Structures are given as C-alpha cells and as structure tokens.
Amino acid sequence: MPQHAPTARICHDCDGFPTVAIATGTRHADGTRATLRIACPTCKGTGHAAPAAVVRAGR
C-alpha cells in the first residue's frame, strides 16, 4: 500500500501565493517598471499556515 506524505496546510489568506509584485506606475532609466514586493502578513511569505496552537484544558 503506498505511503502518502502529509501535505502542508496552505495559508487561508493568500491561498499559497505569499509574495506579490505591485507595479508603481513609474519606470527606471532602462525602461523597466518599478515594483514593490509585498509578502503575506499572516504567513510572513511562506505560503503555509502555522499549526494550530495546542489548547490546554483545565487549570
């Protein structure tokens, strides 16, 4: 029977696309566009959700 590796949970906020490039509308001297790289604040650019914290029951 084949063994399956557990898959990492994908971040719910960015759906696994943790970094985006946003064009600012300006151009560099060589003609390329100036862009900003923005990382997902929830997963901090990893694309994977953090494991849920272990809840401690009782006192």
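Check the entry above for the structure.
Residues numbered from 1 in each chain as written. Predicted model: local features only at pLDDT ≥ 70, side-chain atom pairs only at ≥ 80, totals over all residues. Heavy atoms only, no water.

S.K.: Lay out the overall build of the protein chain with the relevant residues and their values.
M.R.: Helix and strand content of the protein chain: zero helices and two strands. Going through the 59 residues of the protein chain one by one, you find that 12% of them count as buried. When contacts within the protein chain are restricted to residue pairs at least 6 apart in sequence, long-range pairs at least 24 apart make up 44% of them. Total accessible area on the protein chain is roughly 5500 Å²; 59% of this is exposed by carbon and sulfur atoms. (Helix = DSSP H or I, 4+ residues; strand = E, 2+ residues; numbered from the N terminus. Buried < 20%, exposed > 50% of the residue type's maximum accessible area, 1.4 Å probe, protein only. Contact = heavy atoms within 4.5 Å. Areas by Shrake-Rupley, 256 points an atom, 1.4 Å probe, with all protein chains shown as cover.)

S.K.: Can you break down the environment of R9 residue by residue, with the values?
M.R.: With respect to the helices, strands and loops of the structure, R9 is situated in the segment before β1 (19-27). Distance from R9 to A50, taken between C-alpha atoms, is 7.9 Å for residues 41 residues apart in sequence. Residues within four places of R9 in sequence aside, it is in contact with G47, H48 and A49.

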